[in-house]
Each structure stands twice: as C-alpha cells, then as structure tokens.
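A structural walkthrough
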Amino acid sequence: MSATLVRITLREIRLPLREAFRISSGQTTRRRILILELEDIDGVVAWAECTAAERPNYSSETIDTAWLAIARWVAPRILGRPIAEPADVTSILERDFRGHKMAKAAVEMGIWAHAAERAGVSLASLLGGTRDKIATGISLGIQPDPTALAKRASAALAEGYRRVKCKIEPGADVDYIAAAREALGPDAPLMADANSAYRLEDGDRLARLDEFGLMMIEQPLASDDLVRHAELQKRLRTPICLDESITSVDRAEDMLVLGSGKIINIKAARVGGLGPARAIHDLCAARDVPVWCGGMLETGIGRAYNVALASLPNFVIPGDVSPSARYWERDIVIPEWTMEDGMVTVPRGQPGLGISVDRDRLADLTVRERALCAP
Ligand code: OSB
Ligand code: MG
C-alpha cells in the first residue's frame, strides 16, 4: 500500500474557545491551530492537525516553530518519496533530526489517515483498535474558587462524563479538590492535573490529596522529570500519571523502570506520532500499566485521531476526548463529534478519519496558507 505525497498544504486558523481554559502554566481563550492537507499523486487527500500551542507553556514547541519545522525539514523528507508503510515514517523523520515531535507527528499522523483512506478502512482498524465506543472524561480548567469547580464537576457528571479531571496549581489544589470530592460523592472518578506546577519539596502538600481517593495525579513535577517523580511516587498513595515527561517509547520504558508513575496519558503528538503512541500502548499493555488518551483542545480533525487511538484495547481509562460542543461554537468537521451516555462512537464503518472537513468554514477561518510541493 505504498503511497507518494506530492503536496502538503499548511493553514493557520483562528478559533475562539467557547470558554477560556486555564492551566497552571497559562490561559487560552482563542486557539491558533495548524491544519494540514496531505495529497498524493492520485488526488487522495488526508487532513491532519498539529497540536502545538500558541505559546511554549506545555512543550517547547509552538504553532510557529512547527510551521517552520514542517516547511523546512519535515515535508521535504516526505514529499515525492514513496512510503511503503506509515510505520516507516518515524525512522525517516528521526534520523539526524532532534526534537520537533509535534511537527513530525502532524505529518506522520496524516500519513496514517491517508493510508487508511487509500485502503478503504477506518484509521481505528488500521491501528488495530478494537473498541466501537470510547469512554469520555472532561478536563476542567482552573476555576475562580472551589465552589465554582464543585458546580462544574457536578454538571459534568450529570452530562454523563465518565471521569472528571481538575486542573490544579499551588493555592488552587487541596480546597478545590476537597470541594469537588464533596460535590461528586466518594465513588465518582475524579483526578487532578498539575501541568508541572510543583517541586519535590511540595511533597507534603501533594500528599494531602491522598485523602480524596483520586484516580491519579497527572504530571505534578517538571515537564522533563522522571527521577523526582519516582521519589514523589514513594511518598504518595495516589498513583502518578505522566503526560509532559513521556516524549518517546524509551522515556516510557524509563518511567516504568524508575517507578516514576503508574499510568500514562498518551498524546500521539507529544511522542512524534501514532507509531510511537501505539508502541507505548503495547509496552504498557505488556507490563499491565493502564493508559488513556489525552487531548490538546483539538478541532474535530485532531479529535478523530484521538478517537481512533483510544479504540486500542489498553486504553482502559476514559480519555480527554470531549465532544465538539465542549470547545467550539461550531467545529470545522462534519459531522461534529458528539457524546452519548459518556461515550463517543468510533466511526469504524468509514474509511480514514470518518469525518469530512467543512472547506468553506476552513477558508473563512484561515489567516495564512502555504502549499509545500514535491520537487
Ligand atoms: O495537560 O492534558 C493537558 C490542554 C492543553 C494543554 C495540556 C493539557 C490540556 C488538557 C485539555 O487537559 C484536554 C482536552 O483537550 O479536553
Ligand atoms: Mg496533562
């Protein structure tokens, strides 16, 4: 199923979130999103999304660095070159090319969707996904006060969400989680995500969260740390889940060897694409370590990839894969992603991503565009 891409079109769109989203490292109100259109010699098209943010507050990459990296280094390695299998792309992109994982992932993931499209199978099937529906959790940004968080958390459970994640930071943690737990009751699936807001010296404060029976605490310490997380895990009953720190299959293996955490939030973009994401999934499955699918406030395009990935068997914890209406007044895909009884349906019966892109809306939202072509 070899394919040769002849054009990759980059577009930047601006899309306001329905509600500002605040994490410990900054607030987002309006997204700047890089959308890719990949086209082969026969005119078969696949869409992809780069999840790099507006500012380097989650990882070092941004939409601007990703645009540059794709145009200068990623696309030239791919365009005009026959690709036998999507799984071959990572080694092509990693050779003598450090970092820029989100830029690489945008193209690598597009090639997976393109291969699925060409083969006439869903991306979920091509990846080996087995689920028809995936359980959905919500990620709630830092709220003005504990009462506001408790209200939002209760509303989320009432809407059917299967897991509630609350962003925390020093000063918006113990009281906030206490209020959420009180509002949801003792058995509701509740967790916290610190986005690297703490230091190991804060261990005693973090240990106070143990009494709330959280499913996990996500990425409490530095975004590239494994050693201190291992130390912290010894002092916490609550399982640590790593997000930012896991940037490759090797880092996932290091985490398991060091005991830096017990759960992994897999985001394909953070690890360079679906190939490495699936390899981390397989590694964790072999070691009985549960994983779940994270999110990066994606449009319906990026969301389609998350849904496909989360259909793999070891995604046993609800993912940050909310329906379109949680984020956008109107999404850029048709149909929009919806949730029923806390579950999102995997479009297994359709080739590729299982959604189409609203080209008129995309054109309306586009602020810059650049076509990269095979030499
Ligand atoms: O840490 O998981 C995170 C959004 C932006 C940056 C980092 C994170 C998040 C989320 C949002 O938690 C999850 C979603 O897309 O709903
Ligand atoms: Mg996170």
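Structure first, text after, so check above.
Residues numbered from 1 in each chain as written. Chains lettered and ligands numbered in written order. Predicted model: local features only at pLDDT ≥ 70, side-chain atom pairs only at ≥ 80, totals over all residues. Heavy atoms only, no water.

**Quick look at unusual backbone geometry**
The condition that has to hold: Working definition: helices are DSSP H or I runs of at least four residues, strands are E runs of at least two. Numbering for both runs from the N terminus. Only protein chains enter the area calculation, which uses a 1.4 Å probe; residues under 20% of their type maximum are buried, those over 50% are exposed, and those in between are partly exposed.
Of the consecutive residues Ile334 and Pro335, the connecting peptide bond is found in the cis state with omega at -10°. Locating Pro335 in the fold gives a position in the loop between β12 (333-334) and β13 (343-345). Despite not being glycine, Ser196 shows a phi value in the positive range, around 70°. Structurally, the position occupied by Ser196 is in the loop between β7 (190-193) and α7 (203-207). For Ser196, a relative accessible area of 23% corresponds to the partly exposed category. The backbone phi angle of Asp341 is positive, close to 55°, even though this residue is not glycine. With respect to the element layout, Asp341 can be found in the loop between β12 and β13.

**Describing the coordination of the magnesium ion (ligand 2)**
To keep it simple, the criterion reads: The donor set covers N, O and S atoms within 2.8 Å of the metal, switching to 3.2 Å for Na, K and Ca, and it leaves out water, so a site may look short of donors.
Donor atoms from the polypeptide that coordinate the magnesium ion (ligand 2) comprise Asp193 (OD), Glu218 (OE) and Asp243 (OD), at 2.1 to 2.3 Å from the metal. Positions of the donor residues of the magnesium ion (ligand 2), expressed as sequence spacing, correspond to D-x24-E-x24-D. With a gap of 50 residues between them, Asp193 in strand β7 and Asp243 in the loop between β9 (240-242) and α9 (249-258) connect regions that are remote in the sequence. An identical accessibility class is assigned to Asp193 and Asp243; each is buried.

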